[in-house]
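Notes for the structure review
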Amino acid sequence: MESNQLPAVGTRLIHSGHLGTVRFVGQVDGAAGLWLGVEWDDPQRGKHDGVKDGKRYFSCVVPNAGSFIRPSSSTSYGHSFLEALASKYIDVPHGSGVEKVILGSSNGAIEVEVVGLDRIRGELAQLERLREVSLDGRGVASADPPGAISKACPGIRGLDLSKISIVCELPNLQRLALNQNRLNLPINHDGALAAFRDVYELQLNTTLATWDDMQHIIRYMPALRAIEMGYNRIQSLSTGRDVTAPRSHPRLEEINLDSNSLSSWPKICEALRPYTALQRLVLTSNAINLIGPLPEPNDPPLVHLKHLSLSYNRLSSWCDIDHLSGWCPAIESLTLTGNPFVEDGEHSHNARPFPIAKIPTLTVLDGAGVSAKERTDSELFYLSWVNKHGPPDEDARSREHPRWNALCEIGSALRSTHTDVKLHRTDTPPSKKALPPSSDPVVLRVLPSMNVRTFYLKVVKSFKIPKAAQTFLKLWLRMPDDNVVEIDRDDNHDLDWWGVENGVEMFVLVEKA
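These remarks concern the structure in this document. Predicted model only: the values in this text are computed from it and were never measured.

Next up on the list: helix α6 (residues 265-272). Along an α-helix, residues three or four positions apart point the same way, because every turn accommodates 3.6 residues. Within the span of α6, buried status applies to W265, I268, C269, A271 and L272. Projected down its long axis, α6 shows its buried positions confined to an angular sector of 165°, all on one face. Buried residues along α6 sit in contact with α5 (211-218), β16 (254-256), β17 (280-282), β18 (307-309) and α7 (319-327).

Here it is, written out as structure tokens:
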């Protein structure tokens, strides 16, 4: 932009290294000359909200992020798309076969000779061959003459325009990043639909775009599968500014709302109910403090949701996790790290077994898979915990712990498959034809699938064998023909492999060192 030209309202600029948006151009009472009213991307750069001496000249999306500056030739209003593309991807040939290059990672300490850089420059200069383009921070602020972009680089499929402000004439575009821009919504429906028809991934982080803005934009992206709307100060997923905008999308599978200010879980779910293809939802670092029961138990709003991130919210009660599977009956993956009840609650040490027991469909918790054995252990642990700490009344237990009845049935089934092992302490190795011991045995109830090493640990605990003596522990199994077989503690087989059945007898010996 010429130094004697003034930018239009809405123009993006860079002034003294700071990004901002022009919100006002004109005279200010009590100050000579022309001024620009700027809303800064970094609110701390601002001094006011567009009001001077009681008069409002402009408004800021973020409070107190504005200030006035003089128009200056040192202020940058950006470049056209092709200018930025050329400055990054085209370099002037040096005309020499061998060039000296300083390695950037060496801080100037290492200089090497490279052959063929001109050939590489020549290949990069063929813009029509570009597929993935990043112009992040390159100051793109305007389009080029109609047809120029599509002629120069028609093959672009992935485009990062973060910290800048435009896109058009790219018929093969599939991935688009517009992070840290300030967006003007499309007004040419047909043109926007043609430009974005194949885009399946969109990033609008730190754009201050609202939920209504997002709904307006994605109407032009019928192939869209994933959208990011993080760091946008969104407080609610409100609707209503544009009543003609569709409130659903046929293919949208993933919505990322990381680091906003959302607080009402029911309102979030209600706003997302029309997105019937939604499978992944990221709500990390918001302000959700309550899940609560589903108002209509037979009408879950997020019926297809499989992956949910609730890390670093304000959930403080385990009851919220009880209710979660009602809202999301198909949930498979969940993150809860950083919530008060996980980090510093009374039962924070149960941060893993409790959610596993409470949500029967869970297969991944906080990034770690849930094995069948861990599920069994977690459900039995939770069952015993409720038995010990829950209300004595069965109806009250069912109300406070929605999975109580189902877990009781699971516990009964597991107990029916348990095996009782009778352990006899002996001072000498048992003979081949061991006689029935005279002392009363210690009975251990175990699963036949238990690993032998784990069984040894249970024996140590049952007989309170000192740590120094544990390496001298040996076990023998009495067979049906009264022969005895020593069970190797290093064996990786389970008890069932050894033929351990209900009521079987074993001998326990701790040899002298």
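Moving on, we come to the nonpolar core. Counting residues in each nonpolar core, the largest one holds 66 residues, and the members touching the most others are W265 and L310. Among the elements that take part in this core, α6 stands out by supplying 5 residues, more than any other. Excluding residues within four positions of it along the chain, W265 makes contact with L283, I288, L290, I291, L302, L308, L310, L324, W327 and C328. If you look at the next biggest cluster of nonpolar residues, it comprises 23 residues, including L444, V459, V460 and F463.

We now examine the pairing of strand β2 (residues 18-28). By the bridge criterion, 4 bridges tie strand β1 (residues 12-15) to β2 in an arrangement that is antiparallel. Note that in β2 the partner of L13 across the bridge is G20. Sheet topology note: the β2/strand β3 (residues 31-40) ladder contains 8 bridges and is antiparallel. Along β3, the bridge assignment pairs G26 with W35. Taking the residues between adjacent antiparallel strands as the criterion, β2 and β3 are bridged by 2 residues, where G30 takes a positive phi near 85°.

Let us look at the pairing of strand β26 (residues 504-510). A large share of β26 lies buried, amounting to 6 of its 7 residues. As defined by bridge partners, strand β22 (residues 419-425) adjoins β26 across 5 bridges and the pair is classed as parallel. Each bridged residue has a counterpart across the sheet, and for R425 the counterpart in β26 is V508. Sheet topology places strand β24 (residues 473-478) next to β26; 5 bridges connect them, and they run antiparallel. Following the sheet pairing, W476 is matched in β26 by F507.

Our focus in this paragraph is the packing of aromatic side chains. All told, the structure shown has 13 aromatic pairs when counted by the stated rule. For the pair F58 and F68, a centre-to-centre distance of 5.6 Å together with 85° between the ring planes defines the contact as edge-to-face. Of this pair, F58 sits in the loop between β5 (55-56) and β6 (66-69) while F68 sits in strand β6, placing them 10 residues apart in sequence. Put simply, the rings of W318, F341, F354, F381, Y382 and W385 pair up and form one aromatic cluster. Positioned over the ring face of W40 is R45, at 4.3 Å from the centre of the ring. Over the ring of Y200 we find R225, and its NZ or CZ is 4.5 Å from the ring centre.

The element α5 is extensively covered by neighbouring structure, given that 8 of its 8 residues are classed as buried. Listing the buried residues of α5 in full gives W211, D212, D213, M214, Q215, H216, I217 and I218. Packing partners of the buried residues in α5 comprise β14 (201-203), β15 (226-228), β16 and α6.

Another aspect to go through is the sheet that holds β24. Spatially, 5 strands are ordered β23-β22-β26-β24-β25 in an open sheet, and the strand pairing comes out mixed. Since the sheet does not close on itself, it has two edges, and those belong to β23 (442-446) and β25 (484-487), each with one partner. Taking each pair of neighbouring strands and ignoring which way they run, the sheet shows an average axis angle of 35°. Lying over the sheet, helix α13 (residues 452-463) contacts β22, β23, β24, β25 and β26, oriented at roughly 145° with respect to β23.

Turning our eyes to something else, we now look at the sheet that holds β1. Spatially, the 4 strands line up as an open sheet ordered β1-β2-β3-β6, and their pairing is antiparallel. Pairing within the sheet leaves two strands with one partner each, and these edge strands are β1 and β6. Within this sheet the neighbouring strands show an average axis-to-axis angle of 50°, counted without direction.

In this section: the pattern of salt bridges. Per the counting criterion, the structure on display carries 17 salt bridges. When the shortest N-O distance is used, the salt bridge between R375 and E379 registers 3.1 Å. Taken as a pair, R375 and E379 lie in helix α10 (residues 372-389) at a separation of 4 residues, close to a single helical turn. Overall, R375 belongs to the buried group, its relative accessible area being 14%. Residue classification places E379 among the buried residues on the basis of a relative accessible area of 7%. Linked through salt bridges whose partners overlap, the residues forming this network are E270, R273 and D299.

Along the chain, the position of S59 falls in the loop between β5 and β6. Separated by 20 residues in the primary sequence, S59 and E39 have C-alpha atoms spaced 8.3 Å apart. Those residues within four positions of S59 in sequence are excluded, and the remaining contacts are R23, E39 and D49. Polar side-chain contacts of S59 include one of 3.4 Å to the side chain of R56.

Let's shift gears to the side chain of R403. With respect to the helices, strands and loops of the structure, R403 is situated in the loop between α11 (394-400) and α12 (404-416). The buried category is assigned to R403, whose relative accessible area is 13%.

This part is about unusual backbone geometry. Here the phi dihedral of S16 falls at roughly 55°; this positive angle occurs in a residue that is not glycine. Assignment of secondary structure puts S16 in the loop between β1 and β2. Looking at S16, the relative accessible area reads 61%, which means it is exposed. Its identity as a non-glycine residue notwithstanding, T206 has a phi of 55°, on the positive side. Locating T206 in the fold gives a position in the loop between β14 and α5. We classify T206 as partly exposed; its relative accessible area is 31%.

Conventions used here
- Residues numbered from 1 in each chain as written.
- Predicted model: local features only at pLDDT ≥ 70, side-chain atom pairs only at ≥ 80, totals over all residues.
- Heavy atoms only, no water.
- Buried < 20%, exposed > 50% of the residue type's maximum accessible area, 1.4 Å probe, protein only.
- Helix = DSSP H or I, 4+ residues; strand = E, 2+ residues; numbered from the N terminus.
- Arc of directions from axis to C-beta.
- Contact = heavy atoms within 4.5 Å.
- Core = buried A, V, L, I, M, F, W, Y, C linked by side-chain atoms within 4.5 Å.
- Pairing = 2+ DSSP bridges.
- Phe/Tyr/Trp six-rings, centres within 6.5 Å; stacked < 30°, edge-to-face > 60°.
- Lys NZ or Arg CZ within 6 Å of the ring centre and 35° of its normal.
- Axes fitted to C-alpha atoms, helices over the stretch in contact; angles between N-to-C directions.
- Salt bridge = Lys/Arg side-chain N within 4 Å of Asp/Glu carboxyl O.
- Polar contact = N/O pair within 3.5 Å; in protein donor to acceptor, adjacent residues only side chain to side chain.

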